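Below, each chain spelled out in residue letters.
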Amino acid sequence: MSEAVDTIITADDDEYMIRCENLVKIYKTSDVEVVALQGLDLDVKKGELMAIVGNSGSGKSTLLNMLGGLDKPSAGSLYVDGKNLLKFTDRDYMEYKRRTVGFVWQNNARNLVPYLTAVQNVELPMLLGGAHKKRQKALELLDRVGLLKRKNSRLDQMSGGEQQRVAIAIAMANDPRLLLADEPTGSVDTKTSNMILDIFKDLNKSEGVTVVIVTHDVKLADHIDRVVAIRDGRTSSEIVRKRSYVEELNEMGDIVLVEEQQEEPVHEEFLVLDRSGRVQLPKEFLESLGIKGGEKIKAELDAENDRVVLFRSGS
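We now turn to the structure provided with this report.

As for the packing of helix H7 (residues 160–171) against helix H8 (residues 190–207)
Logical step 1: Closest axis-to-axis distance for the H7/H8 pair is 10 Å, and the angle between their directions is 10°. Comparing the axis directions of H7 and H8 gives the class roughly parallel. Counted together, Gly161, Gln164, Arg165 and Ile168 of H7 and Thr192, Met195, Ile196, Ile199, Phe200 and Leu203 of H8 form the full contact between these two elements.

Things to note about the packing of aromatic side chains
Logical step 1: Under the counting rule described, the total for this entry stands at three aromatic pairs.
Logical step 2: A ring pair is formed by Phe103 and Trp105, whose centres lie 4.2 Å apart and whose planes are at 15°; its orientation type is stacked. Per residue, the accessibility class of Phe103 equals that of Trp105, and both read buried.
Logical step 3: An aromatic cluster of three or more residues is present, and its members are Phe88, Tyr93 and Tyr96.
Logical step 4: Above the ring of Tyr16, the side-chain terminus of Arg19 is found at 4.2 Å from the ring centroid.
Logical step 5: Lying over the aromatic face of Tyr27, Lys25 brings its terminal NZ or CZ to 5.0 Å of the ring centre.

Points about the pairing of strand S6 (residues 101–104)
Logical step 1: A two-sided burial pattern is seen for S6, the buried positions comprising Val101 and Phe103 on one face and Gly102 and Val104 on the other.
Logical step 2: With four bridges joining them, S6 and strand S7 (residues 178–182) adopt parallel strand pairing. Residue pairing in the sheet places Val101 in a bridge with Leu178 of S7.

Regarding helix H2 (residues 60–67)
Residue pairs spaced three or four apart in an α-helix point in one direction, given the helix's 3.6 residues per turn.
Logical step 1: Within H2, six of the eight residues are buried, which leaves it mostly tucked inside the rest of the structure.
Logical step 2: The first or second residue beyond H2 is Gly69, which carries a positive phi of 75°.

Points about the sheet that holds strand S4 (residues 75–80)
Logical step 1: One open sheet holds the four strands; their spatial order is S2-S1-S4-S5, and the pairing between them is antiparallel. Unpaired on one side and paired on the other, strand S2 (33–45) and strand S5 (83–84) mark the two borders of the sheet.
Logical step 2: Relative to S5, S4 is paired through two bridges, and the arrangement is antiparallel. Bridge pairing in S5 links Val80 to Lys83.

Digging into the side chain of Lys25
Logical step 1: Tracing the sequence through the fold places Lys25 in strand S1 (residues 16–28).
Logical step 2: Beyond its immediate chain neighbours, meaning those up to four positions away, Lys25 contacts Val34, Val35, Ala36, Leu37, Thr62, Met66, Asp71, Lys72, Pro73 and Ser74.

Remarks on helix H6 (residues 134–144)
Logical step 1: Looking only at H6, the buried set comprises Lys137, Ala138, Leu141 and Leu142. Buried positions in H6, seen along its axis, are confined to an arc of 140° and lie on one side of it.
Logical step 2: After H6 finishes, the residue Gly146 shows a positive phi value of roughly 75°.

Things to note about the pairing of strand S9 (residues 226–231)
Logical step 1: In terms of burial, S9 is largely enclosed, as five of its six residues are buried.
Logical step 2: In this structure, strand S3 (residues 49–53) lies alongside S9, joined through four bridges in parallel fashion. Of the residues in S9, the one forming a bridge with Ile52 is Val228.

A short note on the nonpolar core
Logical step 1: Ranked by internal contacts, the top residues of the largest apolar core, which has 38 residues, are Val122, Leu142, Val166, Ile168, Leu179, Phe200 and Ile213.
Logical step 2: Top contributing element to this core by residue count: H7, with six residues.
Logical step 3: Contacts of Val122, omitting those with residues within four sequence positions, involve Ala138, Leu141, Leu142, Val166, Ala169, Ile170 and Ala173.
Logical step 4: Leu37, Leu63, Tyr93 and Trp105 belong to the second-largest nonpolar core, a separate cluster that totals 29 residues.

Details of the pattern of salt bridges
Logical step 1: Per the counting criterion, the structure on display carries 16 salt bridges.
Logical step 2: The salt bridge partner of Asp90 is Lys72, with a shortest N-O separation of 3.5 Å. Of this pair, Asp90 sits in helix H3 (residues 90–99) while Lys72 sits in the loop between H2 and S4, placing them 18 residues apart in sequence.
Logical step 3: A relative accessible area of 40% means that Lys72 is categorised as partly exposed.
Logical step 4: Here Lys83 makes a salt bridge to Asp81, at a shortest N to O gap of 3.4 Å.
Logical step 5: In this structure Asp81 comes out as buried when scored by relative accessible area, which is 16%.
Logical step 6: Here the salt bridges share partners, and the residues they tie into one network are Asp14, Lys46, Asp81, Lys83 and Arg177.

About the criteria used
Residues numbered from 1 in each chain as written. Predicted model: local features only at pLDDT ≥ 70, side-chain atom pairs only at ≥ 80, totals over all residues. Heavy atoms only, no water. Axes fitted to C-alpha atoms, helices over the stretch in contact; angles between N-to-C directions. Helix = DSSP H or I, 4+ residues; strand = E, 2+ residues; numbered from the N terminus. Parallel < 35°, antiparallel > 145°, perpendicular 65-115°, else oblique. Contact = heavy atoms within 4.5 Å. Phe/Tyr/Trp six-rings, centres within 6.5 Å; stacked < 30°, edge-to-face > 60°. Buried < 20%, exposed > 50% of the residue type's maximum accessible area, 1.4 Å probe, protein only. Lys NZ or Arg CZ within 6 Å of the ring centre and 35° of its normal. Pairing = 2+ DSSP bridges. Arc of directions from axis to C-beta. Core = buried A, V, L, I, M, F, W, Y, C linked by side-chain atoms within 4.5 Å. Salt bridge = Lys/Arg side-chain N within 4 Å of Asp/Glu carboxyl O.

Okay, here's the thing in structure tokens:
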């Protein structure tokens, strides 16, 4: 049975960095069983920069930990860079974390060793990986994140934003194909947040690294083309950034006109239909109509207008 599933997934184009299908994660103790992910589907293309948002308890951190090789799925299918993580041994996970994925933690204390300088912190993963020319590469990475002048500074000598930028350099030290970031802008001001996001964009574009940012801040949609929302352990919706009129003019070379405009980006939100045909309606929709969970509703096909219409039971 598992061989058939492998064939179905890997037979698709080699364009995906991440493929999750019906992903389940259950945490068990002697008294309690918690379902953190309950049938999540997600595809992320190679070279894509995207964000995952969700409230506390939605399952986004659980997903990030599994993508980072820090936790194992309970069921379903999870492929990263063509590798089936459900079949990983402990050795496979070690090699995966060393070669395939880079991780930027929200807590800077997990990113940096406090008694080492910035350049020594960036060198550390390369020491473990046996890379050559470690000092030269570490300096190049610090330069990429705008911190070459702070190369000899320790953790307590840097601001929170500087620490986070060093953390990005550390995560890129072993040339990962997938870069994961857990709330990378959660503890910095707006200006620093925009700077950090610009670094992710630059690395994504220049290095071709796939970037997945997990956050609770839906305003990231203003900076990122694709944002996936997770609710109750499932993919709920996607917020997709459309090209604005200003961007279209920019492509045609009307730079002066573009600079005079201050048009906000335009986004569309789409509900995600999972592979079993299930869809999650936005909470605010249900609340505005007074519909509670477990209540019966009717669905009718309006083929003429290419839509499905939902009715409250008895309406």
